[in-house]
Amino acid sequence: MEIGKFKIILPFLILLTFGFQCGKDEDDQYENIFELDLPFNISPIQKEYRINDTIEISAIIENKSLLDLNTQALVEIECTDIPITFYIGVRLTNFNELNSDNLFEIIVDTLNFQNFEIENNGQYSKFKANISEDIFNKEEISTMKIIPKRKGIYMMDPSNFKDIFINRNENCNETNPTLDKGKMNYIFNVSNSNPELLVESPLPPNVFISGDRIPSLTKEKRIFWFKVIE
């Protein structure tokens, strides 16, 4: 079976193999469970950009591997693609502004991503795609360029926390696969995620979000804040 086809049917094989076994923790079905970190580069790294500046985002996969946060060791990623969902926009959506002019122009690197989804409106842009295993060897993988079109305080947030399933059998063998589970996390290669901009973009006084993780994710450099000026 071709590797590409196996990537598509792997989730169904997992369900058929393990989904109906009662009395077992789901995670017991995997050889290893990793907390994986996918880094993103921002170029140029700035606190402030001007309208129509270009901000380039790249994903970093060195030696076809990602860092396991539990062991601080590199884990080779094979027989699977890596999902990304990238949000760029306001902290709190004003639904009255959704139909206004798009906040950003998004230019996707179509050499690396032939299949992707973009949601664009007057409050945010959202990019969804998979980083194909076929391009892991590029190491720094150009993802997209962001061009802001309106002044404001905005956040980049790739924290969608998806899982991947790594087949350790030779040649991605689909028969009785030995699977590792990778819980995906995402981080920015920056020295400062500009947390002070949170103060300039507060929630309205009548809004309360229970368990809001934005401040902690900002501190961990999993959210990057920036300001757009004239």
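Residues numbered from 1 in each chain as written. Predicted model: local features only at pLDDT ≥ 70, side-chain atom pairs only at ≥ 80, totals over all residues. Heavy atoms only, no water.

Caption draft 1: Highlighting the pairing of strand β6 (residues 82-89). Among the eight residues in β6, eight count as buried, and that is most of the element. Here β6 shows two buried faces, one formed by Ile-82, Ile-84, Phe-86 and Ile-88 and the other by Pro-83, Thr-85, Tyr-87 and Gly-89. Two elements, β6 and strand β11 (residues 152-157), share three bridges in a ladder whose sense is antiparallel. Paired with Ile-88 across the bridge in β11 is Met-156. (Buried < 20%, exposed > 50% of the residue type's maximum accessible area, 1.4 Å probe, protein only. Helix = DSSP H or I, 4+ residues; strand = E, 2+ residues; numbered from the N terminus. Pairing = 2+ DSSP bridges.)

Caption draft 2: Geometry of the side chain of Asp-180. Tracing the backbone through its elements, the reader meets Asp-180 in strand β13 (residues 179-188). Polar contacts involving the side chain of Asp-180 include one to the main-chain amide nitrogen of Asn-32, which spans 3.1 Å. A polar atom in the side chain of Asp-180 sits 2.7 Å from the side chain of Arg-168. Among all residues touching Asp-180, those that are not within four sequence positions of it are Glu-31, Asn-32, Phe-34, Ile-164, Phe-165, Ile-166 and Arg-168. (Polar contact = N/O pair within 3.5 Å; in protein donor to acceptor, adjacent residues only side chain to side chain. Contact = heavy atoms within 4.5 Å.)

Caption draft 3: Looking closely at the state of the cysteines. Applying the stated criterion across every chain yields a total of one disulfide. Put simply, Cys-79 and Cys-172 are joined by a disulfide, and their sulfur atoms are 1.9 Å apart. Residues Cys-79 and Cys-172 share a disulfide whose torsion about the S-S bond is about -90 degrees; that sign makes it left-handed. With Cys-79 in the loop between β5 (74-76) and β6 and Cys-172 in the loop between β12 (163-167) and β13, this pair connects stretches of sequence that are 93 residues apart. Considered together, Cys-79 and Cys-172 belong to a single accessibility category, that of buried residues. (Disulfide = S-S within 2.5 Å.)

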